[in-house]
Amino acid sequence: MVGEPLYGRAAETAEIDRLLDRVRSGAGGGALLLRGDTGIGKSALLDLAESRADGLDVLRGSGIEAEADVPFAALHLLLGDRADAIESLPAPQADALRAAFGLVPLEAGDKLHTGLALLTLLDRASADKPLLCLIDDAHRLDRESADALLFAARRVASRGIVFLIAVRDGWTRTGLPELHLDGLSADDARQILDERAPDTTAERRDRLVEQACGNPLALIEFAAAGSGRLARVPEEFARAVRWLPESARLLLAVAAADDDTAEPGVVVQAARDLGVPFDALEAAEETGLLAVTRTAIGFRHPLGRAAAYQGVPVTRRIAVHRALAEAHARAGDADLRVRHLAAAALGTDESVAEELESAARDIGDRSGPSVAAYAYERAARLTGDPEVRARRLAAAAEAELAAGRFVQARTLADEAARAGDAEGTRARVDIVRAGIELEHGVPEAAARLLLDRARSYGDPETRARVLEEAVFHAWSCGDRATGVQARDGLTDNPSRMVRALSALLDDDVTSARSILADTDGQDDRLRLLAAEVALLAGDDAAAAEMSAQLVARSRRRGLLTLVPRALAVQAWSRLFRGEHDEARALTRDALEIAEETGQRGQTAALRSIQARQAAVEGDEVRCRALSGDGRVGAALGLLALGLGRHEDATEHLRDDARQAPAPCTAPVVLALADTVEALVAAGRPDGGAEPMARLETFAQGAGQPWADGVASRCRALLAAAPDEAERHFTAALASHREGGRPFERARTELLYGEWLRRSRRRAQARARLRAALDVFERLGAVPWAERARGELRAAGQAVGTSGASGDDIPGRLTAQELQVVRLAMTGATNRQIAAQLRLSHRTVAYHLYKAFPKLGVASRAELHRHVPA
């Protein structure tokens, strides 16, 4: 429609505006041919041009398929209301137009005069006001009208006339400047869907975008129908299918129904099972709808697929899906078998429902929750018994929750609650609702909800399961009191998860880690807890390794609820290991997923990582801006400590300690060391006894060199005698040399260097301070580096200003973009990268499309100059 925004057509719009501005200014006219496939947006650009034709007369015409064989039919329609002007033309031209309009017999040679007559007529019409001539569907023009219009369009450069002609691919007789309209980018396509179908889920939106292949008409029709296969199709596609023999129509329907793979072997096998001869493929291909290669049978146009699927009756479509289900089963693809079984069922069918439920259980263990949720829900829709339907709906809700689709999970859980009243189903619904509350609502309410609901269950196993979930949720949000209460309600044989959480609620990280020593082959939440406990125990290498494995596994299986939390562990461990760029990219990636899936609790937790990094780097504005998102008192305390504001540091750290009922977050232990340092610097060392005791307890249990180093450093700060202080500083450095947490080692070097300088041992102080400065500069820890420089100057060493902190280019990318870019640097193609990362090749192309502008490059060849290998 005229006036609607056109997404992704900035270049085309600019060229049209240039022509219109030129003709308005009197500099002359021009012509432009807009070429592209059906539905790509040619007519929309003509509409746009018409809406912007202020000060111009507009003449608009179009090719009509029914009159394509009638000479001069289109010209007659275009000029019908200007027939009176014929009489004023020169005699040969007037005669030619009369002949073209059937007023006199057509004679040889009159075609040239017809073109001249059209040009003269349009030229005279533009004498008072410039003229915009719009021709749509030019491929449907009769030959004679097309010749005359193109003749005139090629001769308007010095006249006040602009021609815009829209034509389908394959029309070659032009001689005019052309713009080819390609498909829209994924971002532009999503904008159209956001406008046309704002309630579409993210997963559904992405699927429609992929199926539409950048075609705006297909996208709009798919959104309206809610399906790529059931969309309204142009008559030309429907007619192309309708004229085929039945065997070819059936083969096309098989290819259209198998839109997830369209592997030739599967399509041909399913067609053979339906009795379709192989030579039907030739007839189907001759329609021009199909594109057949050795690896795929695809459709040249996305709406061609819809036409093919709708080209057979519903009963035949059911047979097609059953045949495809069998073909995929023989090929070993259970996921696609389930999808086709579901598509083949109508009404209630318990046998199919049982098969779908069984397949969903297998798929959930192997391929992830998205397909499982689909199969469970489809099974429920085919179920007559209300209690069985409720059970299957609850299973679908659980799978949707695991996939991070909280709105769908809530809808299915509510429907399950209405459908049945069995105790087991009610418990599953309560657990889903609590999971949604934890991630998408008020986290603290999740555990309390389950604790309250557990009292209503008579079955001991059901009650125990609900209480175990309550313990997990209480730990996840740091609610020690509710966690202990739920744990105490469990009497017999608590699970491994509960035993580990029970130890954590008692601040016994060492026992928790022992319980979780081997989680291979275990539940993914147990793996996540093991990674989190490794981080709490200070084993950054193990935490990084376990979380990286879990992230890869969760991405592969579509467990998006776990991914941000696992990425957070990975980001913390990278930050502690001094890998700031990687930590920044991982946190950004986790935030994107958390925000897209609506995991509000995880969003706040991830902000605390960013706040800690901002504090280390001395970015006060960013650190304070993040202070409204979750607990970041420890970060503000570290920031103040680095800036020399010791009273502020003690205040922030004291506030943070009040909010920490259990060691639920990674910075808690480090905050103990920060508190000791801040209190000593503020002249109140007596207050450091309690955090020092907790720190020593942690270090003894952790057995990590860096923790021993930090504990020894704090003992040195609290030591009354100089020889005792030096002994502890020396022990601290010996521990730090064994590895781990470079920022903490540099802080020890700095504090020892300051102590040595105050003891008038300037040469020894300079060595320690220089070592500290090198690390602080590498980490970009600006206030700490400035403090080390100031101490070096006081110790008698001249130092310059801050050195280069290194290019932060990798930090501009998400972790996924960084992976894709680094593989692209090896020379891998998009499809090779997709296979390695288990993505679609279109997703790979999208990541490169987003990464190139961030890196300031235009091609793969430039990547090696900007991205470290």
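Residues numbered from 1 in each chain as written. Predicted model: local features only at pLDDT ≥ 70, side-chain atom pairs only at ≥ 80, totals over all residues. Heavy atoms only, no water.

Remarks on the packing of aromatic side chains
Part 1: Per the stated rule, a full pass over the model turns up eight aromatic pairs.
Part 2: Each ring, one from W572 and one from F576, has its centre 5.4 Å from the other, and the planes form 25 degrees; the classification is stacked. Taken together, the residues span about one helical turn, with W572 and F576 both in helix α29 (residues 563-576) at a distance of four residues. Across the pair, F576 and W572 agree in class, each one buried.
Part 3: Between the aromatic rings of Y752 and W755, the centroid separation amounts to 6.2 Å while the plane-to-plane angle is 35 degrees, which identifies the pairing as tilted. Taken as a pair, Y752 and W755 lie in helix α39 (residues 742-758) at a separation of three residues, close to a single helical turn. The same class applies to Y752 as to W755, namely buried.
Part 4: Here the aromatic residues F729, Y752 and W755 are joined through ring pairs into a cluster of three or more.
Part 5: Just above the ring of Y374 sits the side chain of R339; from NZ or CZ to the centre is 4.9 Å.
Part 6: A cation sits over an aromatic face here: R741 above F576, 3.9 Å from the ring centre. (Phe/Tyr/Trp six-rings, centres within 6.5 Å; stacked < 30°, edge-to-face > 60°. Helix = DSSP H or I, 4+ residues; strand = E, 2+ residues; numbered from the N terminus. Buried < 20%, exposed > 50% of the residue type's maximum accessible area, 1.4 Å probe, protein only. Lys NZ or Arg CZ within 6 Å of the ring centre and 35° of its normal.)

As for the pattern of salt bridges
If charged atoms from side chains of opposite charge come close, those side chains can pair.
Part 1: Under the definition given, this model contains 72 salt bridges.
Part 2: Between R787 and E754 there is a salt bridge, with the nearest N and O atoms lying 2.9 Å from each other. You can see R787 sitting in helix α41 (residues 782-794) and its partner E754 sitting in helix α39, a full 33 residues away along the chain.
Part 3: The exposure class assigned to E754 is buried, which follows from its relative accessible area of 8%.
Part 4: In this structure, E777 engages R789 in a salt bridge whose closest nitrogen and oxygen atoms are separated by 2.7 Å. In this pair, E777 sits in helix α40 (residues 762-779) while R789 sits in helix α41, placing the two residues twelve residues apart along the sequence.
Part 5: Taken together, the salt bridges that share partners define one network made up of R612, D674, E677, R713, E744, R747, E754 and R787. (Salt bridge = Lys/Arg side-chain N within 4 Å of Asp/Glu carboxyl O.)

Things to note about the nonpolar core
The nonpolar side chains of soluble globular proteins are, as a tendency, buried together.
Part 1: Of all hydrophobic cores here, the largest spans 48 residues; its most connected members are L251, L252, L290 and F299.
Part 2: When residues in this core are grouped by element, the largest group, nine residues, is from helix α11 (residues 246-257).
Part 3: Ignoring sequence-local partners within four residues, the contact set of L290 consists of L252, A255, L281, A284, E285, I297, G298, F299 and R300. (Core = buried A, V, L, I, M, F, W, Y, C linked by side-chain atoms within 4.5 Å. Contact = heavy atoms within 4.5 Å.)

Description of the environment of A379
Part 1: Of note, A379 is situated in helix α18 (residues 369-381).
Part 2: Taking the C-alpha atoms as reference points, A379 and E355, separated by 24 residues in sequence, lie 8.2 Å from one another.

Digging into the packing of helix α1 (residues 10-24) against helix α2 (residues 42-51)
Part 1: At a minimum axis separation of 11 Å, α1 and α2 run at an interaxial angle of 40 degrees. Overall, the two elements α1 and α2 adopt an arrangement that is oblique. Between α1 and α2 lies a crossing whose hand is right-handed. Facing E12, T13, I16 and L20 of α1, the residues of α2 in contact are L45, L48 and A49.
Part 2: Its residues placed into classes, the contact of α1 with α2 shows five nonpolar, one polar and one charged. (Axes fitted to C-alpha atoms, helices over the stretch in contact; angles between N-to-C directions. Parallel < 35°, antiparallel > 145°, perpendicular 65-115°, else oblique. Left-handed = near helix turned anticlockwise from the far one by under 90°. Nonpolar A, V, L, I, M, F, W, Y, C, P; charged D, E, K, R; others polar.)

Observations regarding the layout of surface pockets
Over the atoms a probe the size of a water molecule is rolled, and this reveals where empty space is left.
Part 1: Taken as a whole, the second largest pocket holds about 1,200 Å³ of empty space.
Part 2: Put simply, the parts of the chain that give the lining of the second largest pocket at least two residues each are α17 (350-366), α18, α19 (386-402), α21 (423-440), α23 (460-477), α25 (496-505), α27 (524-536) and α28 (540-557).
Part 3: The dominant element in the lining of the second largest pocket, judged by the number of residues it contributes, is α21, at six residues. (1 Å grid on protein atoms, 1.4 Å probe; cavity = no way out; pocket = protein on both sides within 12 Å on 5 of 7 lines; lining within 4 Å. Points joined across faces, edges and corners; volume = space filled by probe spheres on them.)

Some words on the sheet that holds strand β5 (residues 178-180)
Strands belonging to one sheet form pairs held by backbone hydrogen bonds; the direction of such a pair is parallel or antiparallel.
Part 1: Read from one edge to the other, the open sheet built from five strands follows the order β2-β3-β4-β1-β5, with strand pairing classed as parallel. Either end of the sheet is taken by a strand with one partner, and the two such strands are β2 (57-62) and β5. Along the sheet, successive strands turn relative to each other by an average axial angle of 15 degrees, direction set aside.
Part 2: As paired strands, strand β3 (residues 131-136) and strand β4 (residues 161-168) are joined by five bridges and run parallel to one another. Within β4, the residue paired with L131 across the bridge is I161.
Part 3: The strands that α1 touches are β1 (30-36), β3, β4 and β5; relative to β4, the one it contacts most, it runs at about 155 degrees.
Part 4: Sheet strands touched by helix α6 (residues 143-153): β1, β3 and β4. Its angle to β4, the strand with the most contacts, is close to 135 degrees. (Pairing = 2+ DSSP bridges.)

Some points on the pairing of β3
Part 1: In terms of residue burial, β3 counts as a mostly covered element, since six of its six residues are buried.
Part 2: Here β3 shows no split at all, with L131, C133 and I135 on one side and L132, L134 and D136 on the other all buried.
Part 3: As defined by bridge partners, β2 adjoins β3 across six bridges and the pair is classed as parallel. Bridge pairing in β3 places G61 opposite I135.

A closer look at the packing of helix α35 (residues 668-681) against helix α37 (residues 705-718)
Part 1: Look at α35 against α37: their axes get within 10 Å of each other, and the N-to-C directions meet at 20 degrees. Relative to α37, the element α35 is oriented roughly parallel. In this structure, the crossing between α35 and α37 has a hand that is left-handed. Residues L670, A673, V676, E677 and V680 of α35 form the contact with α37, whose participating residues are W706, V710, R713, C714, L717 and L718.
Part 2: Class assignment of the residues belonging to the contact of α35 with α37 gives a composition of nine nonpolar, no polar and two charged.

Here's the deal with the confidence of the model for the chain
Part 1: Taken residue by residue, the chain gives an average pLDDT of 85. The fraction at 70 or more is 92%.
Part 2: For the chain, per-element mean pLDDT is lowest for helix α43 (residues 830-837), which scores 74, and highest for β3, which scores 95.
Part 3: Counting interchain partners and residues more than four positions distant, the pLDDT-below-50 stretch residues 661-666 has 18 contacts.
Part 4: Counting interchain partners and residues more than four positions distant, the pLDDT-below-50 stretch residues 803-807 has five contacts. (pLDDT = per-residue confidence, 0-100.)

Notes on empty space enclosed by the protein
Part 1: Going through the model one piece at a time under the given rule, you end up with four cavities of 30 Å³ or more.
Part 2: Put simply, the largest cavity is a space of about 90 Å³.
Part 3: For the largest cavity, the full set of lining residues is L575, F576, G578, H580, R612, V616, L670, R741, F743, E744 and L779.
Part 4: Elements supplying a minimum of two residues to the lining of the largest cavity: α29, α31 (600-617) and α39.
Part 5: Split by residue class, the lining of the largest cavity holds six nonpolar, two polar and three charged.

With respect to α40
Part 1: In this model, α40 (18 residues) spans 25 Å end to end at C-alpha, consistent with the 26 Å of a helix rising 1.5 Å per residue.
Part 2: Among the residues making up α40, those that are buried are A765, L769, A772, L773, V775, F776 and L779.
Part 3: Of the surrounding elements, those touching the buried residues of α40 are α30 (580-597), α31, α39 and α41. (Expected span 1.5 Å × (residues − 1).)

A look at a negative patch on the surface
Part 1: There is a patch of like negative charges on the surface, built from D279, E282, E285 and E286.
Part 2: Counting through the fold element by element, E282 comes out in helix α13 (residues 280-286).
Part 3: Residue class for E282 comes out exposed when judged on its relative accessible area of 52%. (Patch = residues over 30% accessible without salt bridge, like charges linked within 9 Å, V, L, I, M, F, W, Y side chains within 5 Å. Areas by Shrake-Rupley, 256 points an atom, 1.4 Å probe, with all protein chains shown as cover. Lys, Arg positive; Asp, Glu negative; His and termini not counted. Charge placed at Lys NZ, Arg CZ, Asp CG, Glu CD.)

Looking at the side chain of D142
Part 1: With respect to the element layout, D142 can be found in the loop between β3 and α6.
Part 2: The exposure class of D142 is buried, given its relative accessible area of 2%.
Part 3: Within the local environment of D142, its side chain forms a polar contact with the backbone nitrogen of A73, the two atoms lying 3.2 Å apart.
Part 4: Polar contacts involving the side chain of D142 include one to the main-chain amide nitrogen of S145, which spans 2.7 Å.
Part 5: Apart from the residues lying within four places of it in its own chain, the contact partners of D142 are E67, A68, V70, P71, F72, A73 and A74. (Polar contact = N/O pair within 3.5 Å; in protein donor to acceptor, adjacent residues only side chain to side chain.)

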